[in-house]
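Observations on the three-dimensional arrangement
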Amino acid sequence: MAGESYSRSGGRKSSDFCSKLTVVTFLGISCVGIWMLISSSFSITLQNSEISSTNLLGQYSGSSADFLVNAKRGEDDTFHGEKRFRRGRSLEEIGDEKGLDSYQNEEREGESSNLRNEEENQENSESSSSGDESQSGDESSNRESEEVDSREKDSTSGDGESDTGGEDSNLDASETTEKAKKGETENEVFPAADQSEILKEATTQNGPWSTQAAESEKENESQGSSSSTDDKKGDKWKLCKTDAGPDYIPCLDNVQAIRKLRHTSHYEHRERHCPVEASTCLVPLPSGYKKSIGWPRSRDQIWYSNVPHGKLAEVKGHQNWVKVTGEYLTFPGGGTQFKQGALHYIDFLQKTLPQISWGKQTRVILDVGCGVASFGGYLFERDVLAMSLAPKDEHEAQVQFALERGIPAISAVMGTKRLPFPGKVFDAVHCARCRVPWHIEGGKLLLELNRVLRPGGHFIWSATPVYRKDEENVGIWEAMSELTKSMCWELLEINEDKLNEVGVAIFRKPTTNDCYQSRTQNDPPMCEEADDPDAAWNITLQACLHKAPADASARGAKWPAKWPLRSEKLPYWLKSSQVGVYGKAAPEDFAADYDHWKNVVSKSYLNDLGINWSSVRNVMDMKAIYGGFAAALKDLKVWVMNVVPIDSPDTLPIIYDRGLFGIYHDWCESFSTYPRSYDLLHADHLFSDIKKRCTIESVFAEVDRILRPEGKLIVRDNAETILEIENMARSVKWKVKMSYSKNGEGLLFVQKSFWRPNQEQIVKSAIA
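Under an unreviewed UniProt entry, the name given to the protein chain is Probable methyltransferase PMT24, and the organism recorded is Solanum pennellii. Within the UniProt record for the protein chain, the comment given under Sequence similarities (unreviewed entry) is "Belongs to the methyltransferase superfamily."

Right, dumping it as structure tokens:
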């Protein structure tokens, strides 16, 4: 019995042991599984936090006096066992590997030059593509945003994409400091705000410098008119649905406002009518859009798919404006008045009046009614900058053709408002059959040209009234002769171009008031003393003459120095007694600004950002001060549109005196240009100023509109604003090439992609 009892007890113990072993084993396996799951989740969380962690704008060690531009996002990812180490690299190192943007060194007429472009083509497979140089437009609707973030995190700087910096900023800083000791990373010196006297404006409209907004407001008050802008917050990114489609210009395609106009006889319908609420949607790409052809080839041919408009080729093909040739639009270089080519015509004008002296005496001109701007395009060979101007009218896409070719142009009309330029700035004004009725209504439109024309400057009029003898043309010539005499313009030459069978008349604006004072009739009348000729933003035209400068030291009393000395020389009318924009005496301020931008351009922009400058042609400085950035680029094959915001110190006359050009603009509204106009935009402390008046989202949408796919944006601003713009750039799938900040100041370099959203937003103001 005892043995039996023992046997039963032993069986129970054995059974309990097995049960416990099974439970322990199960619990062990479960724990291992849970641990693996937690580890995997933790690993994913760490990886997904890399991008956000790099957005923390920390301070970097090193010299407190220098802001060395280092690629916080251009880093190597190396693995040692299971631990990931990250090493920051300077832009100097990245530049040695053909630069951040090296894949653009070829025009990509075969297969894609790198894996990144192939990934983008797969990512954007829903959009149409045309040719090997095109990329996809819309991202697949089944693609989740996490996949894009993952690719951005996994890409390396070696293929031109920038990585996230991660958590080892101290390692980056220590390496930067070590390399600085060896003299290996002395690239761009970018002082912090409290250490620089030329990065922050020290004076405002309350100081010695007025603004265009203040000047125009005062002029509008004197004329009994006013203008205002309502600021609204934009929506999430969507595709603009408008009647204009890929060519949408918000302030020129406001169908609802145009429909309400009482009159259109003065081309009011071609003027700016901006929507009350600024657009925050993204303009679609034309079907089959390709990367633009580079200069100088673009002067002669562009992709038809980029500007798919053939009407002008049909109407003006016989005048050699433009022709459709297969998949290209070709430009023989002709025009209505120079069918045999612009260069012959340009030389003909020089022979007619040798003192024009293209590219020396005459440097900056206004070309009114420019057509496809072949005249301006060929003037580059004579070192002349032409501001080409034409309306968005039945000659569809003429300004768009010009910009796609790499020629400066804006959409504008001679209507009821002053042109957005200061007075006395253009060396010459050119009109070749520009279809502007200069002689009507007291010569109001010709008097506007007189306002912007420099004293001693020339009006070059190549039109049928000069050389045709039918009744209508003879009548116009007689009216123009009487008008120009009453304006004290001197008719210097009339000549006939036998090759083109056209004629030209060249007039000269007076440099003194002697003629005005000797007139027997005050017609056209002299402008009131309070009329500011430099006020140009939303100012109604007045049929009056502005006096010439009586003081020899006043602006406009003397001709600027000849080009190229003109670009560096201090304008004679800037005196030491004047305080400059940055707080120094004006001459010192001017020189410091130029030295600053020469340093930035030579030490950073030309090399260390990895930009292939041979692929850059159309450049805009969104907040120009003295034009130092543009002047520093003058030896490159680029042109720069210098924009002086209306709420910034009015320094645009200085820019023109340097032999550069520009325009006034309010960045709370859209710019008067077609979508996809510019290769590179530069914004120095612009966005932080904009936030005071309107939403930064609407301005970023405008930047997206005017920038070409694969175009670049360089932002210099405070750290907070840099972060905002970087986040917006990422939200529209732009490539963040470099983002860096120190002591509250930062620099951001991003590149636009071909991505477009799938959802549409109806823009009611732009739909009939």
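1. Some remarks on the sheet that holds strand β6 (residues 328-330)
Sheet strands pair by backbone hydrogen bonding; their relative direction is either parallel or antiparallel. In space, the three strands of this open sheet follow the order β4-β6-β5, with antiparallel pairing throughout. Each edge of the open sheet is held by one strand with a lone partner, namely β4 (301-303) and β5 (323-325). Between one strand and the next, the sheet's axes are offset by a mean angle of 30°, whatever the strand orientation. Of the strand pairs in this sheet, β4 and β6 are connected by three bridges, and their pairing is antiparallel.

2. What about the pairing of strand β19 (residues 735-742)?
Of all the eight residues making up β19, eight are buried; the element is thus mostly covered by neighbouring parts of the structure. Examined bridge by bridge, β19 and strand β20 (residues 745-751) share seven bridges and lie antiparallel to one another. Among the inter-strand pairings, K735 is bridged to a residue of β20, identified as Q751. From the end of β19 to the start of β20, which pair antiparallel, there are two residues, and N743 there has a positive phi angle of about 55°.

3. Considerations on the sheet that holds strand β14 (residues 618-621)
Pairing within the open sheet is mixed, and its seven strands lie in the order β16-β15-β14-β17-β18-β20-β19. Both outer strands of the open sheet, β16 (662-665) and β19, are each paired with one neighbouring strand and no more. Each neighbouring strand pair of the sheet contributes to a mean axis angle of 15°, computed without reference to strand direction. Note: β14 against strand β17 (residues 678-684), three bridges, orientation parallel.

4. Some points on the side chain of H273
By the element assignment, H273 lies in the loop between α8 (255-259) and β4. A relative accessible area of 16% means that H273 is categorised as buried. Discounting residues that sit within four places of it in the chain, H273 has contacts with P250, C251, N254, A257, I258, L261 and E268.

5. Considering the state of the cysteines
Covalent bonding between the sulfur atoms of two cysteines defines a disulfide. One pass over the full model with this rule turns up six disulfides. Here C431 connects covalently by a disulfide to C434, the sulfurs 1.9 Å from one another. An S-S torsion of about -85° defines the bridge between C431 and C434 as left-handed. A residue is classified by how much of its surface remains accessible, and C431, at 1% relative accessible area, is buried. Linked covalently through their sulfurs, C527 and C544 form a disulfide whose S-S length is 2.0 Å. Where C527 bonds to C544 through sulfur, the torsion about that S-S bond is close to 90°, and the disulfide is right-handed. Placement of C527 in the loop between α16 (514-518) and α17 (586-605) and of C544 in the loop between α16 and α17 is noted, with a sequence separation of 17 residues between them. You'll find C527 and C544 in the same group, each marked buried. For the protein chain, the bonded cysteines pair up as 1-4, 2-3, 5-6, 7-8, 9-10, 11-12 when numbered in the order they occur along the sequence.

6. Observations concerning the nonpolar core
Judged by nonpolar contacts, the single largest core of 127 residues is most densely connected at L366, F421, W438, F459 and W461. For this core, the element with the highest residue contribution is helix α21 (residues 696-706), accounting for six residues. When neighbours within four sequence positions are excluded, F459 is seen to be in contact with V429, C431, W438, L446, L449, L453, M480, W489, A505, I506 and F507. Counting residues in each nonpolar core, the second largest holds 20 residues, with F338, I365, F375 and L379 among its members.

7. Examining the pairing of strand β15 (residues 639-645)
The buried fraction of β15 is high, at seven of seven residues. Here β15 shows a buried face lined by W639, M641, V643 and P645 and a second buried face lined by V640, N642 and V644. Examined bridge by bridge, β14 and β15 share four bridges and lie parallel to one another. The residue of β15 that forms the bridge with V619 is V640. Relative to β16, β15 runs parallel, the two being bridged by four bridges. Bridge pairing links N642 to G662 in β16.

8. Observations concerning the environment of M480
One can find M480 in helix α15 (residues 471-486). Classification of M480 as buried rests on a relative accessible area of 1%. Between the C-alpha atom of M480 and that of P465, which follows or precedes it by 15 residues, the distance is 9.0 Å.

9. Examining the pattern of salt bridges
Enumeration over the complete set of coordinates arrives at 27 salt bridges. One salt bridge connects D247 with R676, and the closest N-O pair in it is separated by 3.6 Å. Of this pair, D247 sits in the loop between β3 (239-241) and α8 while R676 sits in the loop between β16 and β17, and the two are 429 residues apart along the sequence. The buried category is assigned to R676, whose relative accessible area is 5%.

10. Overview of α15
Between the first and last C-alpha of α15 there are 23 Å, a value that for 16 residues agrees with the 22 Å anticipated at 1.5 Å per step. Those residues of α15 that sit buried are N473, I476, W477, M480, L483, T484 and S486. Downstream of α15 by one or two residues, C488 has phi in the positive range, about 70°.

11. Focus on the packing of aromatic side chains
Aromatic ring pairs are described here by two measures, namely the spacing of the ring centres and the angle between the planes. What the rule picks out here adds up to 25 aromatic pairs. Pairing F331 with F401 gives two aromatic rings, centres 5.9 Å apart and planes at 65°, and the pair type is edge-to-face. Of this pair, F331 sits in the loop between β6 and α10 (342-352) while F401 sits in helix α12 (residues 398-405), and the two are 70 residues apart along the sequence. Under the relative-accessibility criterion, F331 is labelled buried at 3%. Relative to W489, the ring of F459 has its centre 5.4 Å away and its plane inclined at 45°; by these criteria the two rings are tilted. In this pair, F459 sits in strand β11 (residues 453-462) while W489 sits in the loop between α15 and β12 (490-497), placing the two residues 30 residues apart along the sequence.

About the criteria used
Sequence order as written defines the numbering, with residues in each chain counted from 1. Residues qualify for local features only when their pLDDT is at least 70, as the model is predicted, and side-chain atom pairs are given and counted only at 80 or more; totals for whole chains, interfaces and linings, by contrast, use all residues. The side-chain figures draw on all heavy atoms in the structure; neither hydrogens nor water molecules are used. UniProt positions are given in the numbering used here, feature names are shortened, and annotations may be inferred rather than shown by experiment. At least two DSSP bridges between two strands are needed for those strands to be called paired. Secondary structure elements follow DSSP: runs of H or I no shorter than four residues count as helices, runs of E no shorter than two count as strands, and numbering proceeds from the N terminus. Axis angles are defined between N-to-C directions and span 0 to 180 degrees, where every axis is a line fitted to C-alpha atoms and, for a helix, only to the segment in contact. For each residue, the accessible area found with a 1.4 Å probe, counting protein chains only, is set against the maximum for its type, and the residue is called buried under 20%, exposed over 50%, and partly exposed in between. Working rule for contacts: check all heavy atoms of both residues, and any pair within 4.5 Å makes them a contact. The criterion for a disulfide is a pair of cysteine sulfur atoms lying within 2.5 Å. Remark: nonpolar core denotes a set of buried residues (Ala, Val, Leu, Ile, Met, Phe, Trp, Tyr, Cys) joined through side-chain atoms within 4.5 Å. Any carboxyl oxygen of Asp or Glu within 4 Å of a side-chain nitrogen of Lys or Arg constitutes a salt bridge here. A helix's residues, less one, multiplied by 1.5 Å, set its expected span. Within 6.5 Å between ring centres, the rings of Phe, Tyr and Trp (the latter by its six-membered ring) count as paired, and their orientation is classed by plane angle as stacked under 30 degrees, edge-to-face over 60, tilted in between.

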